[in-house]
Amino acid sequence: MTIARFSKSFTQQEPIPEEGIAAAVEVMRSGRLHRYNVAPGEEAEVSALERELAQWQGSAYALACSSGGAALRIAMRAAGIGAGDVVLTNAFTLAPVPGAIVAVGARVVLVEITEDLRLDLDDLEAKIAAHQPKAVMASHMRGHLCDMERLSAICDRAGVPLIEDCAHTMGAKWNGRRSGSFGLAGAFSSQTYKHLNSGEGGFLVSDDADFMARAIILSGSYMLYGRHGAAPSEEHFRQARLDMPNTSARMDNLRAALLRPQLARIEDAINRWNDRYRVTANVLATCPQIVLPRRPAQEDYVGSSIQFRLPGISAQGAEAFIARAADLGVELKWFGAGDPVGFTSAHSSWHYVEPQSLPRTDDVLAGLFDMRLPLTFTVEDCRQIGEIIVACAAEQMAGDAS
Ligand SMILES: *Cc1c(COP(=O)(O)O)cnc(C)c1O
């Protein structure tokens, strides 16, 4: 096989916009890095970011936090979830999701996913009936939204609050409505590999004033919540201000300064991700062995990563396939690995969660591969990557079959 090796890094993001760098330098010059440290008449960078985020998202309220995981923890605690309560979440997600549930003392019950990597709503309904959960944490893992109208109807009917983990769907929509606006709250991450990059960071959005007042106090606002950029009015804090513990998970002005110009450009970034996704998907689709998840017409996705399956591939075959792709410079993640590597997503490796039987999810993950599509790749790069994967897959599946 004479195919050129790909040489760019799969973890290299774009630089921070110059405007963001200048604003961050300004924050450092001022010395006022803490979000509540403001000069008279000044609006802190964090407050401005919250205001702009709420406006962009179309939510009444927004809270900036220290990480996406912190936003999830705060959301659960603000929703009244505590020790021994059951929270349902996808069996296919990233470790901070079960981690956040466990961190508030709750029990994780995992829900199957479909072949298209979406939350299996039939299994969700069955598990709501069987476990009487206190919340559903729908994690839109790798950007695959389930039928959001059906999901919110299921949760409404059962009287269970819905919290969306939108770490991979910031900017995605279902029937024109933004991910993060279908339930009680939506949580986002601005950790380096997500749709905005401040190293670490996260957000919570909601239209529920009392919930958001509790969340703001939980984030560590002390009695300075009046300085927030997208917070409910004073009366909603009356109860929360003394009842909610301070769990210190604030964002600082430096990070917010880096994020504001990125948020202003996010629609352009989404278009560029989708150009890269479509080219890669089109090349992968030429290989009969490769199965791409279907993308429903109701979904406006953000193709910041791509997933595909090689159904029936053996464990040995999967290892050989990713090794061959790695030799050609293409970094694939395989979700069926027995031992967790890198960012972990295999439910069996979360020993803080009771072991659960998820045969359909396991079957999907056994043949599931994943790859980031950073914006530092050109569309041409994506075509080359696609061709490398197709060549490796065809070679591997021919070998596996013989
Ligand atoms: C990254 C991520 C999170 C949490 O984000 P952090 O900011 O790293 O805490 C939550 N869910 C998913 C699916 C993620 O990928």
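What counts and how
- Residues numbered from 1 in each chain as written.
- Predicted model: local features only at pLDDT ≥ 70, side-chain atom pairs only at ≥ 80, totals over all residues.
- Heavy atoms only, no water.
- Patch = residues over 30% accessible without salt bridge, like charges linked within 9 Å, V, L, I, M, F, W, Y side chains within 5 Å.
- Areas by Shrake-Rupley, 256 points an atom, 1.4 Å probe, with all protein chains shown as cover.
- Salt bridge = Lys/Arg side-chain N within 4 Å of Asp/Glu carboxyl O.
- Lys, Arg positive; Asp, Glu negative; His and termini not counted.
- Charge placed at Lys NZ, Arg CZ, Asp CG, Glu CD.
- Helix = DSSP H or I, 4+ residues; strand = E, 2+ residues; numbered from the N terminus.
- Buried < 20%, exposed > 50% of the residue type's maximum accessible area, 1.4 Å probe, protein only.
- Pairing = 2+ DSSP bridges.
- Contact = heavy atoms within 4.5 Å.
- Axes fitted to C-alpha atoms, helices over the stretch in contact; angles between N-to-C directions.
- Parallel < 35°, antiparallel > 145°, perpendicular 65-115°, else oblique.
- Left-handed = near helix turned anticlockwise from the far one by under 90°.
- Nonpolar A, V, L, I, M, F, W, Y, C, P; charged D, E, K, R; others polar.
- UniProt positions renumbered as here; feature names shortened; annotations may be inferred.
- Expected span 1.5 Å × (residues − 1).
- Right-handed = clockwise from strand over helix to strand, strands pointing away.

**Quick look at a negative patch on the surface**
Part 1 of the argument: On the surface, a cluster of negative charge is made up of Asp207, Asp208, Asp210, Glu234 and Glu235.
Part 2 of the argument: Inspection of the secondary structure puts glutamate 234 in the loop between α7 (209-218) and α8 (237-243).
Part 3 of the argument: Exposure remark for glutamate 234: the relative accessible area of 49% places this residue in the partly exposed category.

**Observations concerning the sheet that holds strand β11 (residues 305-309)**
Part 1 of the argument: The sheet built from three strands is open, its strands ordered β11-β13-β12 with antiparallel pairing. The open sheet has two free edges, formed respectively by β11 and β12 (333-334), since each of these has just one partner strand.
Part 2 of the argument: Both β11 and strand β13 (residues 368-372) contribute to a ladder of five bridges, which runs antiparallel. Its bridge partner being in β13, serine 305 is matched across the sheet by arginine 372.
Part 3 of the argument: Packed on one face of the sheet, helix α12 (residues 359-366) meets β11, β12 and β13 and runs near 60° to β13.

**A look at the packing of helix α3 (residues 68-78) against α7**
Part 1 of the argument: Packing of α3 against α7 leaves a shortest axis separation of 9 Å and a crossing angle of 130°. Here α3 lies oblique to α7, going by the angle between them. Seen along the crossing, α3 lies across α7 with a hand that is right-handed. Here Ile74, Ala75, Arg77 and Ala78 of α3 lie close against α7, whose contacting residues are Phe211, Arg214, Ala215 and Leu218.
Part 2 of the argument: The residue inventory of the contact of α3 with α7, partitioned by class, reads six nonpolar, no polar and two charged.

**Details of the pairing of strand β1 (residues 61-65)**
In summary, the side chains of a regular strand alternate between the two faces of the sheet.
Part 1 of the argument: When you tally the buried positions in β1, you get five out of five residues, the bulk of the element.
Part 2 of the argument: Burial of β1 is two-sided: the residues Tyr61, Leu63 and Cys65 facing one way and the residues Ala62 and Ala64 facing the other way are all buried.

**Considerations on the UniProt feature "modified residue: N6-(pyridoxal phosphate)lysine" (unreviewed entry) in the chain**
Part 1 of the argument: Feature annotation in UniProt assigns "modified residue: N6-(pyridoxal phosphate)lysine" (unreviewed entry) to the following positions: Lys194.
Part 2 of the argument: Looking at the element boundaries, lysine 194 is found in the loop between β8 (185-189) and β9 (202-206).

**So, the environment of alanine 95**
Part 1 of the argument: Its place among the elements puts alanine 95 in the loop between β2 (86-90) and α4 (96-103).
Part 2 of the argument: For the pair alanine 95 and tryptophan 350, spaced 255 residues apart in sequence, the C-alpha to C-alpha distance is 7.5 Å.

**Quick word on helix α2 (residues 45-57)**
Part 1 of the argument: Under the 1.5 Å per step criterion, the end-to-end length of α2 is 18 Å for 13 residues, consistent within 8% with the ideal 18 Å.
Part 2 of the argument: Counting buried positions along α2 yields ten of 13 residues, so the element is predominantly enclosed.
Part 3 of the argument: When α2 is considered as a whole, its buried residues turn out to be Glu45, Val46, Ser47, Ala48, Leu49, Glu50, Leu53, Ala54, Trp56 and Gln57.
Part 4 of the argument: In the stretch just after α2, glycine 58 is the one whose phi turns positive, near 80°.

**Observations regarding the pairing of β2**
Part 1 of the argument: In terms of burial, β2 is a largely internal element, five of the five residues being buried.
Part 2 of the argument: By the bridge criterion, five bridges tie β2 to strand β3 (residues 107-111) in an arrangement that is parallel. Residue asparagine 90 lies in a different strand from β3, and its bridge partner there is valine 111.
Part 3 of the argument: Taken together, β2, α4 and β3 constitute a β-α-β crossover, and its handedness is right-handed.
Part 4 of the argument: As defined by bridge partners, β2 adjoins strand β4 (residues 135-139) across three bridges and the pair is classed as parallel. By the bridge assignment, leucine 88 is partnered in β4 with valine 136.

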